[in-house]
Each structure stands twice: as C-alpha cells, then as structure tokens.
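Results of the structural survey
For reference, the chains in residue letters:
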Amino acid sequence: MKPPVPAGTRPRPGFPASLAPGGSNGQGASPSKRPLVRAASSGSSARPLTTGVGMDSQAVRAAMVRKLEAQGVSNPAVLAAMQAVERHRFVDSALVNQAYEDTSLPIGLGQTISKPNVVARMAELLCHGHTDKLGRVLEIGTGCGYQAAVLSHLSREVYSIERLRGLHERARENLRMLRIANLHLLLGDGMLGYARGAPYAAIIAAAGGEDVPAAWVDQLAVGGRLVAPAATGPGRQNLVVIDKTAQGVSRTVLEAVHFVPLKSGIA
C-alpha cells in the first residue's frame, strides 16, 4: 500500500505535484512544499553558498575532470555533469580549497560529501547502457546536495531523500540559487524509499547498510538499475549493482568502498 498523500498536496499521475526542486538516507517521506528558487525558512540551519576563493573558474573543474578521466571515468555525459556542477558551493568555506581534490569532506552531523571519483563512478554505473538521459531517479541521502545536482544533469527527474533535517535544509539552501527544475527534495526515511514516485529508472544510495533494503528493489522499474554500498562481510563494504529485468533480479558486487551507515527514521 502506498503512503497517504501528505497534507496540502494534490497528486498528479505517478507523483506529487507539490514537491520542491533539490536529503543522508532519509519513516514516511515528507516532501518539501517550497520551490528551490525561494529562500529556506527562517530558523533553518542551512548555510549560504560559498563563492570566490578562485574556485569559480571552469579551469579548476576541468582539471578535476581530467583526473577523473585518468582514473577511468569515460562516460561523456557524466564527465560533462561533473564539469558543470561547482563542488565548492557545497562544502564549508573552511574547506573550499579542498573542494576539487579527490577526497571526501565533512558536511556536518557526522556526514560527508563523497569523493568526486566515487560520485562519478556511481553515476557512470547508473548510466551504463543508456545513450539518452535516465528517467526518474531516486537518491537515498541528499547530504549537502552535490550528487543530486550532478544527477539532475543525467536524468529527466530526480527525487532525493534525506533523514537529517539539518542537512535537508542545507541542501535546499545550497541548491536554491541553481534553480534546478527537475530536482525534488524530500525529508524522510530513505530506508523506505519513496513509493509515491515509483517505479524508478535508477536508484542510488549515499549510505550503506547490512544489505540493500527490499523496498528499494520493489520500487525499481523493470529494466532499472540500483547502485548502493552494502556490507559484504565483517567490516567490509562494497559497491553493489542490482539490475531488475522481466526474468528477475541480478546482483553484482564491485570494489570496496567506505560510506556512512544507512539509518532509519528522521532526526
């Protein structure tokens, strides 16, 4: 059974009409009702966009993209998305000079922004076999909003869910001025996915649990792909790719990774 429509929303076929463009892994999702072009509410813990410090230059991002190519990322659409999204706008001002290094950085509340290589690698896995944009994509764990912004260049529509209210608000503020029309931010429990938007052409997670939640697989469309970190043994975590076909589900375990833990509930 799908969850009830949140108060004040009117659904249109397949998904709610009132979701705002622009959540770590996010019990029932609560869609934001404010478009990203408006400021976040007063009392928000969101922080302003980082500007200047020589990071606005396209050359800085181009150098990062060349490094990604050297590391094996080859999908032109993914490389273009990584070039287009300014990573320094999603990190703390004290860390801005490290924005384009291939390293994860803290974003508060015990969460991190993933390495550029990891973001590009997972995006490339999602796009495998596609020459056009992906359809509707679900991201589990918005964090500061960086990966959601990248995904918005690669898909027709992105739903991104975050369980930590402080990060949800921060992502809203980071993304507000970018005016990304096909990006929707949700505050909710990402372990449940977001059934109202299903089925999804692709699902991607920025947090890893003991296994991939069954709700995610259920919400994946036939022909869709899921990319997420998951435990593969004591103290081990690997990227897992799940492909859903008319014949069933296949699972592929790839390289070792280290993501923050997947948790339930809203905090």
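Since this is a predicted model, take the numbers as computed values, not measurements. (Residues numbered from 1 in each chain as written. Predicted model: local features only at pLDDT ≥ 70, side-chain atom pairs only at ≥ 80, totals over all residues. Heavy atoms only, no water.)

Here's the deal with the pairing of strand 12 (residues 248-256)
- Here seven bridges tie strand 11 (residues 236-245) to strand 12, and the two strands are oriented antiparallel to one another. By the bridge assignment, Val 241 is partnered in strand 12 with Thr 252.
- Hairpin geometry of strand 11 and strand 12 is characterised by an intervening segment of two residues between the two adjacent antiparallel strands. (Pairing = 2+ DSSP bridges. Helix = DSSP H or I, 4+ residues; strand = E, 2+ residues; numbered from the N terminus.)

Focus: the nonpolar core
- Counting residues in hydrophobic clusters, the biggest one holds 51 residues, and the most contacted among them are Met 82 and Tyr 146.
- Broken down by element, this core gets its largest block of residues, eight residues, from helix 3 (residues 116-127).
- Ignoring sequence-local partners within four residues, the contact set of Met 82 consists of Arg 61, Met 64, Val 65, Leu 68, Pro 116, Val 119, Ala 120, Tyr 146 and Val 150.
- Formed by 22 residues, the second largest nonpolar core is a distinct cluster that contains Ile 161, Tyr 194, Trp 216 and Leu 226. (Core = buried A, V, L, I, M, F, W, Y, C linked by side-chain atoms within 4.5 Å. Buried < 20%, exposed > 50% of the residue type's maximum accessible area, 1.4 Å probe, protein only. Contact = heavy atoms within 4.5 Å.)

Some details on helix 1 (residues 58-70)
- Its 13 residues give helix 1 an end-to-end C-alpha distance of 18 Å, which sits within 8% of 18 Å, the value for a rise of 1.5 Å per residue.
- Those residues of helix 1 that are buried lie in contact with helix 2 (76-84), helix 3 and helix 4 (146-152).
- Here helix 1 starts with a cap whose side-chain oxygen sits 3.1 Å from the backbone nitrogen of Ala 59, and that cap is Ser 57.
- Positive phi appears at Gly 72, one or two residues downstream of helix 1, with a value of about 110°. (Expected span 1.5 Å × (residues − 1). Polar contact = N/O pair within 3.5 Å; in protein donor to acceptor, adjacent residues only side chain to side chain.)

Looking at the packing of aromatic side chains
- Applying the stated rule across the entire model yields three aromatic pairs.
- Taking 5.7 Å as the distance between ring centres and 65° as the angle between the ring planes, the aromatic pair formed by Phe 90 and Tyr 146 counts as edge-to-face. Placement of Phe 90 in the loop between helix 2 and strand 4 (105-108) and of Tyr 146 in helix 4 is noted, with a sequence separation of 56 residues between them. Here the two residues Phe 90 and Tyr 146 agree in accessibility, since each one is buried.
- Judged by centre distance (6.2 Å) and plane angle (70°), the rings of Tyr 159 and Tyr 200 are edge-to-face. Pair noted here: Tyr 159 is in strand 7 (residues 155-162) and Tyr 200 is in strand 9 (residues 200-205), with a separation of 41 residues, a long-range link.
- The class of Tyr 159 is buried, set by a relative accessible area of 0%.
- Through successive ring pairs, a cluster of aromatic residues spans Tyr 159, Tyr 194 and Tyr 200.
- Here the basic side chain of Arg 87 rests over the ring of Tyr 146, its NZ or CZ set 5.8 Å away from the ring centre. (Phe/Tyr/Trp six-rings, centres within 6.5 Å; stacked < 30°, edge-to-face > 60°. Lys NZ or Arg CZ within 6 Å of the ring centre and 35° of its normal.)

Here we look at the pattern of salt bridges
- This structure, assessed with the given rule, holds eight salt bridges.
- Across the salt bridge formed by Glu 255 and Arg 121, the nearest N and O atoms sit 2.8 Å from each other. Taken together, the residues Glu 255 in strand 12 and Arg 121 in helix 3 connect sequence positions 134 residues apart.
- The salt bridge involving Asp 211 is made with Arg 251; its shortest N-O contact spans 3.1 Å. Taken together, the residues Asp 211 in the loop between strand 9 and helix 6 (214-219) and Arg 251 in strand 12 connect sequence positions 40 residues apart. (Salt bridge = Lys/Arg side-chain N within 4 Å of Asp/Glu carboxyl O.)

So, the packing of helix 1 against helix 2
- With their axes 8 Å apart at the nearest point, helix 1 and helix 2 run at an angle of 150° to one another. Between helix 1 and helix 2 lies a crossing of right-handed hand. Where helix 1 approaches helix 2, its residues Gln 58, Arg 61, Ala 62, Met 64, Val 65, Leu 68 and Glu 69 are matched on the opposing element by Leu 79, Met 82, Gln 83 and Ala 84.
- Its residues assigned to classes, the contact of helix 1 with helix 2 comprises seven nonpolar, two polar and two charged. (Axes fitted to C-alpha atoms, helices over the stretch in contact; angles between N-to-C directions. Left-handed = near helix turned anticlockwise from the far one by under 90°. Nonpolar A, V, L, I, M, F, W, Y, C, P; charged D, E, K, R; others polar.)

Focus on helix 5 (residues 165-176)
- For helix 5, with 12 residues, the first-to-last C-alpha span of 16 Å sits near the 16 Å given by 1.5 Å per residue.
- Of all 12 residues making up helix 5, 10 are buried, and the element is well covered by its neighbours.
- If you check which residues of helix 5 are buried, you get Leu 167, His 168, Glu 169, Arg 170, Ala 171, Arg 172, Glu 173, Asn 174, Leu 175 and Arg 176.

Brief notes about the layout of surface pockets
- Here the second largest pocket defines a volume of roughly 160 Å³.
- Taken together, Gly 208, Gly 209, Glu 210, Ala 231, Gly 233, Pro 234, Gly 235, Arg 236, Gln 237, Val 257, His 258 and Phe 259 form the lining of the second largest pocket.
- At the level of elements, strand 10 (220-233) and strand 11 are the ones that each hand at least two residues to the lining of the second largest pocket. (1 Å grid on protein atoms, 1.4 Å probe; cavity = no way out; pocket = protein on both sides within 12 Å on 5 of 7 lines; lining within 4 Å. Points joined across faces, edges and corners; volume = space filled by probe spheres on them.)

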